[in-house]
Amino acid sequence: MLEAIKMAEDSVKKGGGPFGAVIVREGKIVAQASNCVTLYNDPTAHAEVSAIRKACEALNTFDLSGCEIYTSCEPCPMCLSAIYWARLDKIYYGNTKEDAKNIGFDDSFIYEQIALKPKQRTIPAIPLLREQALKVFRMWEDKEDKVEY
């Protein structure tokens, strides 16, 4: 956790956001990253997502079972989703989402949006060409050599 906090501190000094994350397997650091949203002009460059990308590359897998993540703050909805998709075993965090909200990083509106039906969300989600899209799903379903994840 101290390394994740150090990553967050270094990020602030470099002009990035105040977040850091470290992924560990069997007591050894596999990957670490800090928030680089403003440095890279990439809204997905959160510390946790970046650390997951680096860990997957280092371990040559999309399945991080057996790994744990230490993050300087309770993960936002995007990062939490990425942690679940990556199958990390455990999350350790420093600051809470309320602490983040208190300094201007408020993700509560996203949680509220997720609960709404797609047509009711602030950014409307409109179904389009479902039948054509379903053909690809059927292709996937019938594919014998697929790598499931």
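Structure's up top.
On a predicted model such as this, the values are computed, not experimentally measured, just so you know.

> Teacher, can you tell me more about the side chain of T71 here?
Relative to the assigned elements, T71 resides in strand β3 (residues 67-73). Looking at T71, the relative accessible area reads 0%, which means it is buried. For T71, the side chain forms a polar contact with the main-chain oxygen of G20, separated by 3.5 Å. Beyond its immediate chain neighbours, meaning those up to four positions away, T71 contacts M1, A4, G20, A21, E48, I91, Y92, Y93 and G94.

> Honestly, the sheet that holds strand β2 (residues 28-34) in this entry has me stumped. Any pointers?
Pairing between sheet strands relies on hydrogen bonds along the backbone, with the strands arranged either parallel or antiparallel. Read from one edge of the open sheet, 4 strands run β2-β1-β3-β4, paired in mixed fashion. For this open sheet the edge positions go to β2 and β4 (90-95), each flanked by a neighbour on one side alone. Shown here is a sheet whose adjacent strand axes are inclined to one another by a mean of 15°, direction ignored. Two strands pair when backbone bridges link them, and strand β1 (residues 20-25) and β2 are joined in this way by 6 bridges, in the antiparallel orientation. By the bridge assignment, V24 is partnered in β2 with I29. Sheet strands touched by helix α3 (residues 47-59): β1, β2 and β3. Its angle to β2, the strand with the most contacts, is close to 140°.

> It is not clear to me how the nonpolar core should be interpreted in this structure. Could you clarify?
One broad trend across soluble globular proteins is that nonpolar side chains are buried collectively. Within the largest apolar cluster, 22 residues are counted, with the highest numbers of intra-cluster contacts made by I23, I52, L64, I69 and L88. Of all the secondary-structure elements, those providing two or more residues to this core are β1, β2, α3, β3 and α4 (77-86). Tallying contributions element by element places α3 first for this core, with 6 residues. If sequence neighbours within four positions are ignored, I52 has contacts with I23, L64, A82, I83, A86 and L88.

The rules behind these values
Residues numbered from 1 in each chain as written. Predicted model: local features only at pLDDT ≥ 70, side-chain atom pairs only at ≥ 80, totals over all residues. Heavy atoms only, no water. Helix = DSSP H or I, 4+ residues; strand = E, 2+ residues; numbered from the N terminus. Buried < 20%, exposed > 50% of the residue type's maximum accessible area, 1.4 Å probe, protein only. Polar contact = N/O pair within 3.5 Å; in protein donor to acceptor, adjacent residues only side chain to side chain. Contact = heavy atoms within 4.5 Å. Pairing = 2+ DSSP bridges. Axes fitted to C-alpha atoms, helices over the stretch in contact; angles between N-to-C directions. Core = buried A, V, L, I, M, F, W, Y, C linked by side-chain atoms within 4.5 Å.

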